[in-house]
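Chains, contacts and geometry: an overview
Here is what each chain is made of, one letter per residue.
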Amino acid sequence: MSFIRQHLASGRSAREVLASHLNQIDALNPQIHAFISVEGRDAARAVASAEANPKGKLAGVPIAIKDNLCVTGWETTCGSRILKGFFSPYNATVINRLLAEGAVLTGRVNMDEFAFGSSCETSCYGPTRNPWDTERVPGGSSGGSAAAVAAGLVPVALGSDTGGSVRQPASFCGVVGLKPTYGRVSRYGLVAFASSLDQIGPITATVEDSARILEVIAGHDSMDSTSSRVPVEPYSKPLGETIKGLRVGLPKEFLSFPLPPDVQAAFDRSIKILTDAGAEIVPVSLPHTEHAVSVYYIVGPCEASSNLARFDGVRYGDRDLGAKSLADLYLRTRQQGLGAEAKRRIILGTFALSSGYYDAYYLKAMKVRRKMIDDYERAFQQADVLICPTAPSGAFKIGEKTSDPMSMYLSDIYTLSANLVGVPAISVPCGYTAQGLPVGLQFMSKPFAETTLLKAAYAFEQKSGAADRRPKIYAS
Ligand code: GLN
């Protein structure tokens with residue numbers, strides 16, 4: 001059931017709703033560490049303005065914000081020591097849009113440093129824990145956002161997704177994560193990781209809430225030249241329409257990756273649910289899928305190394321005060337302020353962009369990326385949506401993959417492609433592993449076909465019932 005719709009119909013005051021969520025944060029955050037700061041004073045101010053304007057589409061809805069989205073006056077650190085002490089002088093466009101509809105921003109949620117990661121373990125604040133099993137990771141990089149929604153600390157959180165960072169944690173935490181089409185949502189005020197891949201997306205408990213948030217945050221913005229002028233649709237309206245005859249594509253290359261039996265069973269059951277709802281299953285092929293991880297780990301780090309060059313101790317955040325020269329200031333600030341994974345990405349990207357290697361790595365990766373876009377265009381002539389698992393497993397244990405970056409990178413094997421080709425994608429709970437951990441199903445659609453994407457995801461959610469379970473911690 002949509003929290004937003006229920007909330008607006010209930011007549012509960014924004015004050016009461018905020019108080020009950022702050023209580024939940026007090027009770028559970030010490031165990032899961034999703035919030036890194038609660039902004040009570042700003043939230044109270046937003047409650048007052050929501051009460052003055054009760055007609056807002058999100059009047060009184062508490063929302064948590066990932067630590068890489070600028071909010072005026074809030075410290076914005078991207079989970080990194082290097083940005084300690086940087087307070088945003090302006091709001092990201094998505095923040096202005098949420099506030100204009102009466103949303104109540106409650107605070108910052110944790111993330112992997114600069115959004116590099118799939119487990120929320122690289123944050124300078126320490127790891128967030130999965131509400132389903134606090135010995136496990138919530139996924140990443142928007143792990144704080146997903147854990148906060150899964151534990152009922154907030155009904156909605158914003159995350160960012162460059163290679164799966166909204167969808168993979170949503171899958172690990174049993175909630176819904178949407179990455180819109182590249183350009184659907186303005187990136188103004190999002191600290192850039194890889195500018196050609198980044199998108200902001202909502203994490204919610206239900207598909208309807210996801211659609212309602214997208215209606216508010218989507219649309220052209222003169223502050224982001226890559227934001228699209230394609231008209232925003234009323235995404236929540238057609239939810240509930242039949243999906244009879246919807247062509248659901250099964251990409252054979254995705255299906256050839258080995259899956260643990262419980263994840264495979266949840267996926268097979270999902271196909272049956274969609275067939276029973278009248279969808280038509282069609283086999284499709286995305287021949288360049290095998291290169292997705294390699295292409296992503298060239299393009300992503302190249303863009304990141306360039307974007308992160310601005311963090312040198314001069315303009316933003318923390319600086320080393322013992323430096324003896326300007327070069328020494330850069331060196332010491334970056335040496336001390338950045339974590340191991342951030343350094344790995346910067347070194348990888350700088351190497352791949354350097355003279356003599358550019359053609360062999362970056363240019364070649366971009367050529368393969370073009371071929372992947374062609375693959376998807378062809379597949380979407382045969383199918384309206386594509387499906388695959390969101391992640392190859394349920395949530396793994398804290399510490400399990402920290403010493404093996406390659407195995408960490410492979411947890412995004414199903415999600416990276418949507419960013420490389422720019423299509424929208426959503427993860428919806430579809431079942432549970434043998435240990436009772438959530439498993440997600442990913443839907444993808446053509447660029448700007450979010451209406452079809454959400455309609456399919458909604459129909460699936462209603463029939464599957466997988467989203468009805470809550471972690472035990474929720475009720476305690
Ligand atoms: N896990 C992927 C990475 O580490 C994706 C991160 C993201 O989407 N921000 O790059």
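In this report, we go over the structure that sits alongside the text.

**Quick look at the pairing of strand 2 (residues 62-66)**
- The element strand 2 is extensively covered by neighbouring structure, given that five of its five residues are classed as buried.
- Judged by which residues are buried, strand 2 turns out to be covered on both faces: P62, A64 and K66 on one side and I63 and I65 on the other are all buried.
- Bridge analysis of strand 2 against strand 3 (residues 104-109) gives five bridges, and the strand direction is parallel. Following the sheet pairing, K66 is matched in strand 3 by V109.
- Note that the unit made of strand 2, helix 4 (residues 93-100) and strand 3 has a crossover that is right-handed.
- Relative to strand 4 (residues 156-161), strand 2 runs parallel, the two being bridged by three bridges.

**Thoughts on the site of the ligand**
- The local shell around the ligand holds 15 residues, among which G163, S165, Y296, R345 and D412 are the closest.
- Here A115 contributes a backbone N or O atom positioned 2.9 Å from a nitrogen atom of the ligand.
- One nitrogen or oxygen atom from the main chain of G163 is found 2.6 Å from an oxygen atom belonging to the ligand.
- Residue composition of the shell around the ligand, grouped by class: five nonpolar, seven polar and three charged.

**Topic: the packing of aromatic side chains**
- Counted by the stated rule, this structure contains 19 aromatic pairs.
- Aromatic pair F254 and Y414: ring centres 5.7 Å apart, planes at 40 degrees, arrangement tilted. With F254 in helix 8 (residues 252-255) and Y414 in the loop between helix 14 (405-409) and helix 15 (416-421), the pair connects residues that are 160 residues apart, well separated along the chain. Each of the two residues, F254 as well as Y414, counts as buried.

**As for the side chain of T106**
- Mapped onto the secondary structure, T106 falls in strand 3.
- Setting aside residues no more than four positions away along its own chain, T106 makes contact with L18, F35, S37, V38, E39, A43, P62, I63, A64, W74 and V154.

**Examining helix 4**
- Residues T93, V94, I95 and L98 constitute the buried set of helix 4.
- Where the residues of helix 4 are buried, they touch strand 2, strand 3, strand 4, strand 6 (199-204) and helix 7 (207-217).
- Immediately beyond the C-terminal end of helix 4, within one or two residues, lies G102, with a positive phi of roughly 90 degrees.

Conventions we followed
Residues numbered from 1 in each chain as written. Predicted model: local features only at pLDDT ≥ 70, side-chain atom pairs only at ≥ 80, totals over all residues. Heavy atoms only, no water. Buried < 20%, exposed > 50% of the residue type's maximum accessible area, 1.4 Å probe, protein only. Helix = DSSP H or I, 4+ residues; strand = E, 2+ residues; numbered from the N terminus. Pairing = 2+ DSSP bridges. Right-handed = clockwise from strand over helix to strand, strands pointing away. Near = heavy atom within 4 Å. Polar contact = N/O pair within 3.5 Å; in protein donor to acceptor, adjacent residues only side chain to side chain. Nonpolar A, V, L, I, M, F, W, Y, C, P; charged D, E, K, R; others polar. Phe/Tyr/Trp six-rings, centres within 6.5 Å; stacked < 30°, edge-to-face > 60°. Contact = heavy atoms within 4.5 Å.

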